[in-house]
Amino acid sequence: MHLRPLPALVDNYIWTLADAAGQALIVDPGEAAPVLAAVDAGLHPVAILITHHHPDHIGGVARLLEAFDIPCYAPQDERIPQASQRVADGDRVRVEALGLEFEVLAVPGHTRSHVAYHGGGIVFCGDTLFSLGCGRLFEGSPAQMLNSLDRLAALPAQTQVCCTHEYTESNGRFARIAEPENPVRDLRLEEVARQRAGGRASLPSSIASERDCNPFLRVGQAGIRRALKQWRGIETDDRLQTFAALREWKDGFRA
């Protein structure tokens, strides 16, 4: 299988997972043009997976379904009208052409109906978990998002994390302040700088890397709590309170 992120819009990625014959799963096509260009180069879409309803994740679905008679899996949300098959937590999505099966994980927080798809050593997690970050809380609560991140962090360490924005460098600037002393994270950011300088994506990451480097998966660490006290005047040993304060801090962070 060949996993490839197609750049789209400003900083989105449309993920494709293809076999040797080019038969491909398409994930969160925010626009159709990058997928159609890949089709011209030999890609053959066989199914679409949608994680949530935001336009930069579904904007290309209608055009692709006009061109290809393929299933489109999406959460139970009326704001995704193009879906042909609805999925919910615990469901299984079988992509017969690729011989793959994905478990659907409900991961609300960024939106109320957000899902992730886990299978084949990969998790397509949309805007819930980013490399070195997490999504904003547009519709969910801190408790929902923390629970969602905990679910994703519990996946096998080698799982490839396929999120849908190139945010790693900007997230890293915040991570360095939120947890100043993290040498593993610093090595990750050196690698990211090389990748981006070479015109390559910083993704996929891995669950192991995110556990080691992502401040939003490390809210129990003393270094993060010290930073919250120093920079925000917040002192707490509670994971949820720490997460909520960290997310609020990140919302207003500029660097």
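Our subject in this report is the structure included herewith. Quick caveat, the model's predicted, so the values are computed rather than measured.

About the thresholds
- Residues numbered from 1 in each chain as written.
- Predicted model: local features only at pLDDT ≥ 70, side-chain atom pairs only at ≥ 80, totals over all residues.
- Heavy atoms only, no water.
- Phe/Tyr/Trp six-rings, centres within 6.5 Å; stacked < 30°, edge-to-face > 60°.
- Buried < 20%, exposed > 50% of the residue type's maximum accessible area, 1.4 Å probe, protein only.
- Helix = DSSP H or I, 4+ residues; strand = E, 2+ residues; numbered from the N terminus.
- Pairing = 2+ DSSP bridges.
- Right-handed = clockwise from strand over helix to strand, strands pointing away.
- Salt bridge = Lys/Arg side-chain N within 4 Å of Asp/Glu carboxyl O.
- Axes fitted to C-alpha atoms, helices over the stretch in contact; angles between N-to-C directions.
- Parallel < 35°, antiparallel > 145°, perpendicular 65-115°, else oblique.
- Left-handed = near helix turned anticlockwise from the far one by under 90°.
- Contact = heavy atoms within 4.5 Å.
- Nonpolar A, V, L, I, M, F, W, Y, C, P; charged D, E, K, R; others polar.
- Core = buried A, V, L, I, M, F, W, Y, C linked by side-chain atoms within 4.5 Å.

### Some details on the packing of aromatic side chains
For any pair of aromatic rings, the description rests on two quantities: the centre-to-centre distance and the angle between the ring planes. Under the counting rule described, the total for this entry stands at seven aromatic pairs. By the ring-pair criterion, three or more aromatic residues cluster together here, those being Phe 174, Phe 216, Phe 243, Trp 249 and Phe 253.

### Overview of the pairing of strand 3 (residues 23-27)
In terms of burial, strand 3 is a largely internal element, four of the five residues being buried. Linking strand 2 (residues 12-18) to strand 3, which pair antiparallel, is a turn of four residues; within it Gly 22 sits at a positive phi near 90 degrees. Examined bridge by bridge, strand 3 and strand 4 (residues 44-49) share five bridges and lie parallel to one another. For Gln 23, the partnering residue across the bridge sits in strand 4 and is His 44. Running through helix 1 (residues 33-40), the crossover from strand 3 to the neighbouring parallel element strand 4 is right-handed.

### Let's talk about the pattern of salt bridges
All told, the structure shown has 16 salt bridges when counted by the stated rule. The partner of Glu 139 in a salt bridge is Arg 79, and the shortest N-O contact between them spans 2.7 Å. Of the two residues, Glu 139 sits in the loop between strand 12 (133-134) and helix 4 (142-153) while Arg 79 sits in the loop between strand 5 (72-75) and strand 6 (85-87), which places them 60 residues apart along the sequence. In this structure, Asp 186 and Arg 176 form a salt bridge, with 3.6 Å as the shortest nitrogen-oxygen distance. Here Asp 186, found in helix 6 (residues 183-197), pairs with Arg 176, found in helix 5 (residues 168-178); they are ten residues apart in sequence, far enough to count as distant. Take Asp 186: its relative accessible area is 24%, and that puts it in the partly exposed class. Via salt bridges that share partners, Asp 77, Arg 79 and Glu 139 belong to a single interconnected network.

### Things to note about the packing of helix 8 (residues 222-232) against helix 9 (residues 239-251)
At a closest axis distance of 11 Å, the pairing of helix 8 and helix 9 adopts a crossing angle of 55 degrees. By the angle between their directions, the pair helix 8 and helix 9 is classed as oblique. Crossing of helix 8 over helix 9 shows left-handed handedness. Residues Ile 224, Arg 225, Ala 227, Leu 228, Trp 231 and Arg 232 of helix 8 form the contact with helix 9, whose own contacting residues are Arg 239, Thr 242, Ala 245, Leu 246, Glu 248 and Trp 249. Here the contact of helix 8 with helix 9 is built from residues that sort into seven nonpolar, one polar and four charged.

### Re the nonpolar core
Ranked by internal contacts, the top residues of the largest apolar core, which has 53 residues, are Leu 25, Val 93, Phe 102, Tyr 117, Phe 124 and Leu 152. The biggest single contributor to this core is helix 4, with five residues. Look past the residues within four positions of Phe 102 in its chain and what remains in contact with it is Leu 17, Leu 25, Asp 91, Arg 92, Val 93, Val 95, Tyr 117, His 118, Gly 119 and Phe 124. Core analysis: the next-biggest nonpolar cluster, separate from the first, contains 21 residues, Leu 6, Ile 58, Leu 64 and Ile 70 among them.

### Some remarks on the sheet that holds strand 8 (residues 100-106)
Read across the sheet, six strands follow the order 7-8-9-10-13-14 without closing on themselves; strand pairing throughout is mixed. Since the sheet does not close on itself, it has two edges, and those belong to strand 7 (92-95) and strand 14 (205-206), each with one partner. Where strand 7 lies against strand 8, four bridges are found, and the strand directions are antiparallel. Among the inter-strand pairings, Arg 92 is bridged to a residue of strand 8, identified as Glu 103. Seen against the sheet, helix 4 touches strand 8, strand 9 (115-119) and strand 10 (122-126) and runs at an angle of roughly 150 degrees to strand 8.

So far we have only geometry, and geometry alone does not tell us how the molecule works.
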